[in-house]
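Structural overview for review
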Amino acid sequence: MRGLISLVLALGVVFLLFQYVFPWAEPLLPFNDVTVDGQ
């Protein structure tokens, strides 16, 4: 039972990160500076 509760909590934390923390932090991260050379 404890494993199920911790799994649900971990999934909730990941969901909250993807919903709120990552969109807020995205402009601060350098991953958007990707250039693809068209051939």
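Structure shown above.
Residues numbered from 1 in each chain as written. Predicted model: local features only at pLDDT ≥ 70, side-chain atom pairs only at ≥ 80, totals over all residues. Heavy atoms only, no water.

A look at the overall build of the chain
Test applied: Numbering of helices and strands runs from the N terminus, with a helix taken as a DSSP run of H or I at least four residues long and a strand as a DSSP run of E at least two residues long. Exposure classes here rest on a 1.4 Å probe applied to the protein chains alone. A residue is buried below 20% of its type maximum, exposed above 50%, and partly exposed in between. Methods summary: accessible areas were calculated by the Shrake-Rupley approach with a probe of 1.4 Å, and residue burial reflects only the protein chains presented.
Helix and strand content of the chain: 1 helix and 0 strands. Here the chain, with 39 residues, has 3% of them falling under the buried criterion. Element-wise, carbon and sulfur atoms account for 70% of the exposed surface of the chain, whose accessible area totals about 4,000 Å².

Side note on a nonpolar patch on the surface
Selection criterion: Patch rule: a residue counts if its relative accessible area is over 30% and it has no salt bridge; like charges are joined within 9 Å, and nonpolar side chains (Val, Leu, Ile, Met, Phe, Trp, Tyr) within 5 Å. Note on definitions: salt bridges are taken to be side-chain nitrogens of Lys or Arg within 4 Å of carboxyl oxygens of Asp or Glu.
A cluster of nonpolar side chains, contributed by Val 13, Val 14, Phe 15, Leu 16, Leu 17, Phe 18, Tyr 20, Val 21, Phe 22, Trp 24 and Leu 28, occupies part of the molecular surface with about 1,200 Å² of accessible area. Checked against the element boundaries, Val 14 lands in helix α1 (residues 2-25).

Some thoughts on the environment of Leu 17
Defined as follows: The contact criterion used is simple: two residues touch if any of their non-hydrogen atoms lie within 4.5 Å.
You can see Leu 17 is positioned in helix α1. Taking the relative accessible area as the measure of exposure, Leu 17 reaches 31% and is therefore partly exposed. Contact partners of Leu 17, with chain neighbours within four places excluded, come to Phe 22 and Pro 23.

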